[in-house]
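# Summary of the model geometry
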2 protein chains.
Amino acid sequence: MKCAHTHTDPILLLSQNGIRPTKIRKAIVGLLFDGHDKHVSVDDVIGMARASDIKTSVASVYNTLNHFTDAGLLRRITMDGGRTFFDTNLSEHHHYYFEDEERLEDIPQGVMKLQGLPKLPFGRRIKSVGIIIRV
Amino acid sequence: MKCAHTHTDPILLLSQNGIRPTKIRKAIVGLLFDGHDKHVSVDDVIGMARASDIKTSVASVYNTLNHFTDAGLLRRITMDGGRTFFDTNLSEHHHYYFEDEERLEDIPQGVMKLQGLPKLPFGRRIKSVGIIIRV
DNA sequence: GTGTTTGCAAAGTGTTTGCAATTTA
DNA sequence: TAAATTGCAAACACTTTGCAAACAC
């Protein structure tokens, strides 16, 4: 079982994914992978960093989150208006979107199922399935 | 049955939805509701307008598409990178997203079903369900 | 020491807004 | 004619880029 409340060692998490454990990367990993799944925006991370007295820049946060996403440490989710969230939960799952709060929340796994997947267009295979329930 | 190949009268479509039938609105409705479902970006519409010798501006196309969306004539879909599409098909349906072509396509209706909808967060009701299958 | 990363400011992209001129009912 | 709409340019929000200084190995 994947335990959502295990605090992985930041340096390990980075080096295991082939990412150089630099100062701000360690700091941001520490902020994001604290044992609780999160859906954060770039601004959220900048705010969290500031609140933790981690000095960095907008560009570096973008660099870092993009790099983490490419390395498979985060999942990117784009909502209406181009609002981008980074999801720390990589297991297959879907989301509620609270329109009034502009906030994502995981849908508990294992209950919801998609039935009757239609034929795919010729020569295509499914890369991923995203379900968002707006509430 | 909703027929996707009926060419609705542009002026009627506008006035029935409480939208003033101005020149560019009629033109854009004519471009979009030609009997074939479409997923267009703002740039697409600007291109289509230009190709039809309809003189307008970026701002007016944004105004018009946003207005149509608010009035329930179009449905807005935002993809990764903030790419926005406007869908002329308002019936309940879902989409394939062709990643390499950055293009949406309707999934034929009636085959796919979502089973076991989980309990909603307290005090919430479903506003919409969006399913996107990346291929 | 060498190659990578950081962080600033500048540039880029997509979208909205202010406003005078125009159009619509 | 009064109210709404158009279209230009400027403003805006978000994201990426260029590059010199700092850092990691």
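Here the structure is shown first, and the text comes after it.
Presented here is a report on the structure given in the accompanying data block.

Parameters and conventions
Residues numbered from 1 in each chain as written. Chains lettered and ligands numbered in written order. Predicted model: local features only at pLDDT ≥ 70, side-chain atom pairs only at ≥ 80, totals over all residues. Heavy atoms only, no water. Phe/Tyr/Trp six-rings, centres within 6.5 Å; stacked < 30°, edge-to-face > 60°. Buried < 20%, exposed > 50% of the residue type's maximum accessible area, 1.4 Å probe, protein only. Lys NZ or Arg CZ within 6 Å of the ring centre and 35° of its normal. Near = heavy atom within 4 Å. Polar contact = N/O pair within 3.5 Å; in protein donor to acceptor, adjacent residues only side chain to side chain. Helix = DSSP H or I, 4+ residues; strand = E, 2+ residues; numbered from the N terminus. Nonpolar A, V, L, I, M, F, W, Y, C, P; charged D, E, K, R; others polar.

### Observations concerning the packing of aromatic side chains
Residue and element names in this part refer to chain A. A full pass over the atoms with the stated rule returns 2 aromatic pairs over all chains. Here Tyr-96 and Phe-98 contribute two aromatic rings whose centre-to-centre distance is 6.5 Å and whose plane-to-plane angle is 70°, an arrangement assigned as edge-to-face. Given the relative accessible area of 2%, Tyr-96 is considered buried. Overall, the relative accessible area of 3% leaves Phe-98 in the buried class. Positioned above the aromatic ring of Phe-98, the side-chain terminus of Arg-103 is 4.3 Å from the ring centre.

### Section: the protein's contact with DNA strand C
The environment of DNA strand C is made up of 16 residues, and the closest members are Thr-22, Ile-24 and Thr-56 of chain A together with Tyr-62 and Asn-66 of chain B. Considering DNA strand C, the proportion of its atoms within 4 Å of the protein that are sugar or phosphate atoms stands at 81%. Here a phosphate oxygen of DNA strand C sits 3.2 Å away from a polar atom, N or O, in the main chain of Lys-55 of chain A. At a separation of 2.8 Å, a phosphate oxygen of DNA strand C approaches a polar side-chain atom of Asn-66 of chain B. Broken down by secondary-structure element, the contributors of at least two residues to the surface near DNA strand C are α2 (23-32) and α4 (58-70) of chain A together with α4 (58-71) of chain B. Here the surface near DNA strand C takes 3 residues from α4 of chain B, the largest share from any one element. Split by residue class, the surface near DNA strand C holds 5 nonpolar, 6 polar and 5 charged.

Everything listed is a geometric property; what it means functionally is a separate question.
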